[in-house]
Every structure is written in structure tokens, then in C-alpha cells.
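# An overview of the molecular structure
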Amino acid sequence: SPLSTDRIFDDIMQDYAQRTVTIENHPHTSRPQASIHPCQHGAAMKRVIEALQESNKVPSVDQYLF
């Protein structure tokens, strides 16, 4: 079953929760998802990609979409 809103925010730094990151319904599945505010999207995604790369993981498009 999908994560609750509280569980989604468990993995988000408190500095970003309810500010840069909010919960919105996914446009295709209508399930709640974490959404990065557009004005911070580029900077936030850069940090996500850098963290993946530091862990020797390769980001892929399917991770971005869902």
C-alpha cells in the first residue's frame, strides 16, 4: 500500500518538509506524492543526483517520473 503523508516526510529533511517539498496527487495515478516546489526544483534535483552519484548509483529517467 502507498506510504502515508507522514511516512513520506520521514525521508525528507525537515528544512524542506512543507516548504520546498509538499504533498500533491500524482497527475497519472492520483496517489499522493512528494513534490518539489518549481522555484527550487533544479537545485533540489541536483542535490538528489549528486547524492546518488556519491553512492555509486546512476540516476535514471524512470526514477524521476515515479
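Residues numbered from 1 in each chain as written. Predicted model: local features only at pLDDT ≥ 70, side-chain atom pairs only at ≥ 80, totals over all residues. Heavy atoms only, no water.

### Things to note about helix H2 (residues 41–54)
Let me state the cut-off plainly: Strands here mean DSSP runs of E at least two residues long; helices mean DSSP runs of H or I at least four residues long; both are numbered from the N terminus. Here the expected span of a helix is defined as 1.5 Å times the quantity of residues minus one.
Along its 14 residues, H2 runs 20 Å from first to last C-alpha, staying within 8% of the 20 Å computed at 1.5 Å per residue. At the C-terminal side of H2, Asn56 shows a positive phi close to 60°.

### Some remarks on the pairing of strand S2 (residues 32–36)
Convention followed: For two strands to pair, DSSP has to find at least two bridges joining them.
In this structure, strand S1 (residues 21–25) lies alongside S2, joined through five bridges in antiparallel fashion. If you follow Glu24 over to S2, its bridge partner there is Gln33. The turn linking S1 back onto S2 is made up of six residues, and Ser30 within it adopts a positive phi angle of 60°.

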